[in-house]
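Reading the structure
Residue-level listing of the chains:
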Amino acid sequence: MAKIRGSIVIDIERCKGCEICMVTCPTGTIKMAGQVNHKGYFYAWPANPELCIGCANCAVVCPDGVITVYKTKI
Amino acid sequence: MAEVTGIKDYIRPENLVYSKTRLMTDNVLHYCPGCGHSTAHRILAEIIDEEGLQQDAIGISPVGCSVFLYNYIDIDWQEAAHGRAPALATAIKRLCPDKFVFTYQGDGDLAAIGTSETIHSCNRGENFLIIFINNGIYGMTGGQMAPTTIPGMKSSTSPYGRDTVRMGFPLKITDIVATLPGTYYVSRQSVHTALNVRRAKRALKKAVQYQSLNRGTCFVEIVSNCPAGWKMTPVEANKWLEENMLPYYPLGDLKVPQPEKDLNPGSTD
């Protein structure tokens, strides 16, 4: 059976670290980074990229629109 | 652009499922982290892009947190005096009847200082769309109590919670305009979860499409959060919104257009 796999790209300089994407992600792909961006926010990053299913929930709730989502079947 | 990526093999143009719409400019939004305004801007820009209205849209930006809205969406804008956005939209729509005109207002702008303009323009059935962001507080000026502050909610001018005996009851202005004959479509949505963002986008898109029929005012309320004004983290604020705001402001369509034959009982088609 084909598996759905996704991948996200996060523009870390625009991220404000609100954590809404992290709690929205159904698979626990996104975590907050341990370091800050130039604005001083702990930005979101795909800590477990192999879990991403490309559902785009993170991108839909992201207030600042920093997340781009790709999805494919393998 | 500094960015972090997931698995790079999947990042190909044909696999793209979601990216920021080209109508949003590259300016960094000035809102606090987690603010619902930013999400509302984004879905509005996506809808204008999908409907192909970039050339025809004229927005009225309000006074309040969203005063710089004209910096973020790449369409024509006009800035209104505080609360007077529906009056300005009336003028623009009457002068340019083939344009898509909308106002974007917060609760201080629409439900406090601009109550009269809002109610009268809805009652006249002016053909523009009103987007109302309700976060129950005056966010920009420091979290004072607004007409939409729910009973018991703490704000900087009601530090022990809103006491309805002394301070009165919240104004459900969306319910009021739904009773007016001039409105065509009235809906209340929220943007605190992915599901609700998708629903809000669907409702807003419907409102934009109905607006092209020019049959009356369309009114979409978006119940939003204000993490800074509520003194919470964005995640806590969204949880608080769901537990406290939504029971008072239930989501859904308050007024949907009647089929043509119901409006004209005499007609045969």
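Look up a bit, the structure's there.
Attention here is on the structure that accompanies the text. On a predicted model such as this, the values are computed, not experimentally measured, just so you know.

As for the sheet that holds strand S5 (residues 100-106) of chain B
All names here are of chain B. Across the sheet, 7 strands lie side by side as S4-S3-S5-S6-S10-S9-S11; this open sheet has mixed pairing. Edge positions in the open sheet fall to strand S4 (76-79) and strand S11 (252-255), since each of these has one partner strand only. Across the sheet, the mean angle from the axis of one strand to that of its neighbour is 20 degrees, orientation sign disregarded. Relative to strand S6 (residues 129-134), S5 is paired through 5 bridges, and the arrangement is parallel. Counted as the bridge partner of Phe102 is Leu129 from S6. Helix H1 (residues 36-50) contacts strand S3 (57-61), S6 and strand S10 (217-223) of the sheet and is inclined by roughly 160 degrees relative to S6. The sheet strands contacting helix H7 (residues 194-211) are S5, S6, strand S9 (183-190) and S10, and the helix crosses S9 at an angle near 165 degrees.

With respect to the pairing of S6(B)
Residue and element names in this part refer to chain B. The element S6 is extensively covered by neighbouring structure, given that 6 of its 6 residues are classed as buried. Residues of S6 alternate between two faces, with Leu129, Ile131 and Ile133 on one and Ile130, Phe132 and Asn134 on the opposite face, all of them buried. As defined by bridge partners, S6 adjoins S10 across 6 bridges and the pair is classed as parallel. Pairing of Ile133 across the sheet is with Ile222, part of S10.

A few points about helix H2 (residues 85-95) of chain B
Residues and elements named next belong to chain B. Along H2, the residues that are buried comprise Ala85, Pro86, Ala89, Thr90 and Lys93. For H2, the angular spread of buried residues about the axis comes to 140 degrees, placing them on one side. Pointing more than 90 degrees away from the buried face of H2 are the exposed residues Arg94 and Leu95. Among the structural elements, S3, S5, helix H3 (107-113), helix H4 (115-124) and S6 are those in contact with the buried residues of H2.

Describing the sheet that holds strand S2 (residues 16-18) of chain B
The antiparallel open sheet is built from 4 strands, whose spatial order is S1(B)-S1(A)-S4(A)-S2(B). Taken across any chain shown, the strands that pair with only one partner, and hence form the sheet edges, are strand S1 (3-5) and S2 of chain B. Taking the axes of each pair of neighbouring strands and ignoring which way they run, one obtains an average angle of 25 degrees across the sheet. For strand S1 (residues 4-11) of chain A and strand S4 (residues 67-73) of chain A, the ladder comprises 7 bridges, and the chain directions are antiparallel.

Examining the environment of Thr29(A)
Residue and element names in this part refer to chain A. Considering the arrangement of structural elements, one finds Thr29 in the loop between helix H1 (20-24) and strand S2 (30-36). Separated by 22 residues in the primary sequence, Thr29 and Leu51 have C-alpha atoms spaced 5.7 Å apart. If sequence neighbours within four positions are ignored, Thr29 has contacts with Pro46, Asn48, Pro49, Leu51 and Cys52.

Reading guide: rules and limits
- Residues numbered from 1 in each chain as written.
- Chains lettered and ligands numbered in written order.
- Predicted model: local features only at pLDDT ≥ 70, side-chain atom pairs only at ≥ 80, totals over all residues.
- Pairing = 2+ DSSP bridges.
- Helix = DSSP H or I, 4+ residues; strand = E, 2+ residues; numbered from the N terminus.
- Axes fitted to C-alpha atoms, helices over the stretch in contact; angles between N-to-C directions.
- Contact = placed C-beta atoms within 7 Å.
- Buried ≥ 20, exposed ≤ 12 C-beta atoms within 10 Å, placed from the backbone.
- Arc of directions from axis to C-beta.

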